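Per-entry structural report
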Amino acid sequence: MDRSTKSKLSYKKPRQVRDAEATKKQILDAAEAEFARNGLSGARTEAIAKGAGVTTAMIYYYFQSKEGLYQAVLQRPAVEMHEGFEQLNFDQLPPEEALKLLVKEAIAYEAAHPHRGMLWFQEANQNQGKYFKQGNWQENFAYLIKILERGMAEGCFRQLDPFLTTLHIVGVCNLYFNAYENIKHTRPDLQLLSPEMIEQHTQAAVNFILAAVRRTED
């Protein structure tokens, strides 16, 4: 084999990998939209293929089945959030600063994917969380629980139930986006998904949550 042939072949595999990843992302994006609208039972692979610009055979090649694709769609947010939180080194920050950063990052992630809440609604409604529990969301909850526990141990947070408080904080961050299609009708004069309104929501959420968890002087 001459040098020119080797050179051409050496670039083939990385490009194939990049193309495969791009195709999988297209499929996941289209599938997310379809599953958010119709859930697992009502989603159609033909609609997903059309939205992704691929054949249905390509979907089965990468994900084996509609159920396999659904699992991948539900797992993607959990993995992305875990990887994002992992890089923030919360343990190196004082508990209050760590909590503030986590809330800001969580809201920013929700703002980038404002319609993902419908995925969780469809999953709860149709499957009672059967596939949600496979997403290792416990790991993401654990970041927040650990910050709360550390804050209580250091005396800057009042004594709280870490799990229930985590649920309350998640609600403060997420309801704004998860219930957007309903909430928007209560204030039609506001562009709730505009950068300005999301920034206001973020600051209000941070202030509200910190006021709720801080230890007050006796």
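Summary of the structure given here.

Rules and cut-offs
Residues numbered from 1 in each chain as written. Predicted model: local features only at pLDDT ≥ 70, side-chain atom pairs only at ≥ 80, totals over all residues. Heavy atoms only, no water. Helix = DSSP H or I, 4+ residues; strand = E, 2+ residues; numbered from the N terminus. Expected span 1.5 Å × (residues − 1). Bend = angle between axes of the 7 residues up to and from the residue. Polar contact = N/O pair within 3.5 Å; in protein donor to acceptor, adjacent residues only side chain to side chain. Disulfide = S-S within 2.5 Å. Buried < 20%, exposed > 50% of the residue type's maximum accessible area, 1.4 Å probe, protein only. Core = buried A, V, L, I, M, F, W, Y, C linked by side-chain atoms within 4.5 Å. Contact = heavy atoms within 4.5 Å. 1 Å grid on protein atoms, 1.4 Å probe; cavity = no way out; pocket = protein on both sides within 12 Å on 5 of 7 lines; lining within 4 Å. Points joined across faces, edges and corners; volume = space filled by probe spheres on them. Nonpolar A, V, L, I, M, F, W, Y, C, P; charged D, E, K, R; others polar. Phe/Tyr/Trp six-rings, centres within 6.5 Å; stacked < 30°, edge-to-face > 60°.

1. Digging into helix α9 (residues 162-178)
Taking 1.5 Å as the rise per residue, α9 with 17 residues should run 24 Å; its terminal C-alpha atoms sit 23 Å apart, in good agreement. At Val172, α9 is bent by approximately 35°, the largest bend along its length. A side-chain oxygen of the first residue of α9 lies 3.0 Å from the backbone nitrogen of Phe163; this N-cap is Asp161.

2. Quick look at the state of the cysteines
Counted under the stated rule, the structure contains zero disulfides. Unpaired in this structure, Cys156 has its nearest cysteine sulfur neighbour in Cys173, at a distance of 18 Å. You can call Cys173 buried: its relative accessible area is 3%.

3. Structural notes on the nonpolar core
Counting residues in each nonpolar core, the largest one holds 32 residues, and the members touching the most others are Leu99, Val103 and Ile169. When contributions to this core are tallied by element, the ones reaching two or more residues are α5 (66-86), α6 (95-112), α8 (137-154), α9 and α11 (195-213). The contact partners of Ile169, leaving out residues within four places of it in the chain, are Leu99, Val103, Leu144, Leu148 and Ile209. Ranked by size, the runner-up nonpolar core spans 20 residues in total, among them Ile27, Phe35, Leu40 and Leu74.

4. Remarks on unusual backbone geometry
Even without being glycine, Gln64 reaches a positive phi, approximately 70°. Residue position: Gln64 is located in the loop between α4 (56-63) and α5. By relative accessible area, which is 58% here, Gln64 ends up exposed. A positive phi angle, close to 50°, is found at Gln128, a residue other than glycine. Topologically, Gln128 is positioned in the loop between α7 (117-127) and α8.

5. A few points about empty space enclosed by the protein
Considering all chains together, one arrives at one cavity of 30 Å³ or more under this definition. Quantified by volume, the largest cavity comes out at close to 40 Å³. Along the walls of the largest cavity sit Pro114, His115, Gly117, Met118, Phe177, Asn178, Tyr180 and Glu181, which together make up its complete lining. Among the secondary structure elements, those contributing two or more residues to the lining of the largest cavity are α7, α9 and α10 (180-183). Looking at the lining of the largest cavity, its residues break down into four nonpolar, three polar and one charged.

6. A word on the layout of surface pockets
Computed from the structure, the largest pocket encloses a volume of approximately 460 Å³. For the largest pocket, the lining is made up of 23 residues, of which Glu110, Trp137, Phe141, Val170 and Asn174 are closest to its centre. Taken together, the elements giving at least two residues each to the lining of the largest pocket come down to α5, α6, α7, α8 and α9. When its residues are assigned to classes, the lining of the largest pocket shows 15 nonpolar, five polar and three charged. Put simply, the second largest pocket is a space of about 170 Å³. Lining of the second largest pocket is provided by Asp29, Glu32, Ala33, Ala36, Arg37, His113, Pro114, His115, Arg116 and Met118.

7. A look at the packing of aromatic side chains
On inspection of all chains with the given rule, the structure shows 10 aromatic pairs. Their ring planes at 90° and their centres at 5.3 Å tell us that Tyr70 and Tyr131 sit as a pair that is edge-to-face. One end of the pair, Tyr70, is in helix α5; the other, Tyr131, is in the loop between α7 and α8, with 61 residues separating them in the sequence. The pair Tyr70 / Tyr131 is uniform in exposure class, with both members buried. On the basis of an interplanar angle of 70° and a centroid distance of 5.2 Å, the ring pair of Tyr176 and Phe177 is categorised as edge-to-face. By relative accessible area, Tyr176 is classed as buried at 14%. Under the relative-accessibility criterion, Phe177 is labelled buried at 2%.

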